[in-house]
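Take a look at the letters that make up each chain.
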Amino acid sequence: DTAKVYFKTGREVLGSRGWEGDYRTMLDLCSHGANACFVTGDFDSMNELIDEVLSKDIDTKEKYRVSDIKVKSFYSAGKFNESIDAALDFKRLLGLPTRKKKSASTFTIIREFIRVKRLLKNKT
């Protein structure tokens with residue numbers, strides 16, 4: 001909790017013009033603050049800080065730390081699909097190729113079922 005207070009105080013000292021004046025320090029305060037909130041379970045504050053960083057017009061690579069925290073927070077809450085979606089969203093922001101979500105066809109499901117059944121034939 002003490003770390004959260006220090007990071008919050010740092011952001012308050014820099015004020016609303018912190019991003020224009022010293023964006024690197026503001027980025028560090030928000031990123032480390034989001035991590036401190038994650039560790040202490042203050043997910044509302046964590047999400048506010050993450051959203052603040054992600055909304056800024058800065059290099060996408062510099063948003064990695066908060067994106068990582070976002071993925072970890074979903075994962076630790078048991079929201080595995082959201083965790084994967086958040087990771088894929090950030091991968092897309094970086095311009096890296098990602099697979100499109102598409103449903104498997106009935107044919108594919110039946111084919112894979114038969115394949116697995118044959119593989120397990122002597123095992124069960």
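Residues numbered from 1 in each chain as written. Predicted model: local features only at pLDDT ≥ 70, side-chain atom pairs only at ≥ 80, totals over all residues. Heavy atoms only, no water.

Trainee: An account of the nonpolar core is needed here, citing residue identities and associated values.
Mentor: Ranked by size, the top nonpolar core spans 14 residues in total, and within it Trp19, Ala34, Met46, Ile50, Val53 and Ile69 carry the most contacts. When residues of this core are traced back to their parent elements, those giving at least two are α3 (23-40), α4 (43-55) and α5 (64-76). In terms of residue count, the dominant contributor to this core is α3 (six residues). If near-sequence neighbours (up to four positions away) are discounted, Ala34 is found in contact with Met46, Leu49, Ile50 and Ile69. (Core = buried A, V, L, I, M, F, W, Y, C linked by side-chain atoms within 4.5 Å. Buried < 20%, exposed > 50% of the residue type's maximum accessible area, 1.4 Å probe, protein only. Helix = DSSP H or I, 4+ residues; strand = E, 2+ residues; numbered from the N terminus. Contact = heavy atoms within 4.5 Å.)

Trainee: Account for the packing of aromatic side chains, naming residues and giving values.
Mentor: On inspection of all chains with the given rule, the structure shows three aromatic pairs. On the basis of an interplanar angle of 55° and a centroid distance of 6.1 Å, the ring pair of Tyr64 and Phe90 is categorised as tilted. A residue pair is termed long-range when its members are at least 10 positions apart, and Tyr64 in helix α5 and Phe90 in helix α6 (residues 80-93) qualify at 26 residues. You can call Tyr64 partly exposed: its relative accessible area is 47%. (Phe/Tyr/Trp six-rings, centres within 6.5 Å; stacked < 30°, edge-to-face > 60°.)

Trainee: Lay out the packing of α3 against α5 in plain terms, naming residues and giving numbers.
Mentor: One way to put it is that α3 packs onto α5 with a least axis distance of 9 Å and a crossing angle of 10°. Taken as axis vectors, α3 and α5 run roughly parallel relative to one another. Contacts between α3 and α5 pair Asp28, Ser31, His32, Ala34, Asn35 and Phe38 from the former with Arg65, Val66, Ile69, Lys72, Ser73 and Ser76 from the latter. In terms of residue class, the contact of α3 with α5 is made up of four nonpolar, five polar and three charged. (Axes fitted to C-alpha atoms, helices over the stretch in contact; angles between N-to-C directions. Parallel < 35°, antiparallel > 145°, perpendicular 65-115°, else oblique. Nonpolar A, V, L, I, M, F, W, Y, C, P; charged D, E, K, R; others polar.)

Trainee: Tell me about α6, and please be specific about residues and values.
Mentor: Taking 1.5 Å per residue, 14 residues should reach 20 Å; α6 reaches 20 Å between its end C-alpha atoms and fits that length. On its buried face, α6 sits against α5. Where α6 terminates, the next one or two residues include Gly95, which has phi positive at roughly 85°. (Expected span 1.5 Å × (residues − 1).)

Trainee: Before we move on, can you summarise the pattern of salt bridges with the specific residues and values?
Mentor: If you walk through the whole model with that rule in mind, you get nine salt bridges. We note a salt bridge from Asp42 to Lys4, for which the minimum N-O separation is 3.3 Å. Taken as a pair, Asp42 in the loop between α3 and α4 and Lys4 in helix α1 (residues 2-14) lie far apart in primary sequence, 38 residues in all. Under the relative-accessibility criterion, Asp42 is labelled partly exposed at 24%. Residue Arg115 is joined to Glu112 by a salt bridge in which the shortest nitrogen-to-oxygen separation is 2.9 Å. (Salt bridge = Lys/Arg side-chain N within 4 Å of Asp/Glu carboxyl O.)

Trainee: How would you summarise the side chain of Glu62 if you had to cite specific residues and measurements?
Mentor: One can find Glu62 in the loop between α4 and α5. Among the polar contacts listed, one links the side chain of Glu62 to the side chain of Tyr23, at a separation of 2.9 Å. Filtering out sequence-adjacent residues up to four positions away, Glu62 remains in contact with Tyr23, Arg24 and Leu27. (Polar contact = N/O pair within 3.5 Å; in protein donor to acceptor, adjacent residues only side chain to side chain.)

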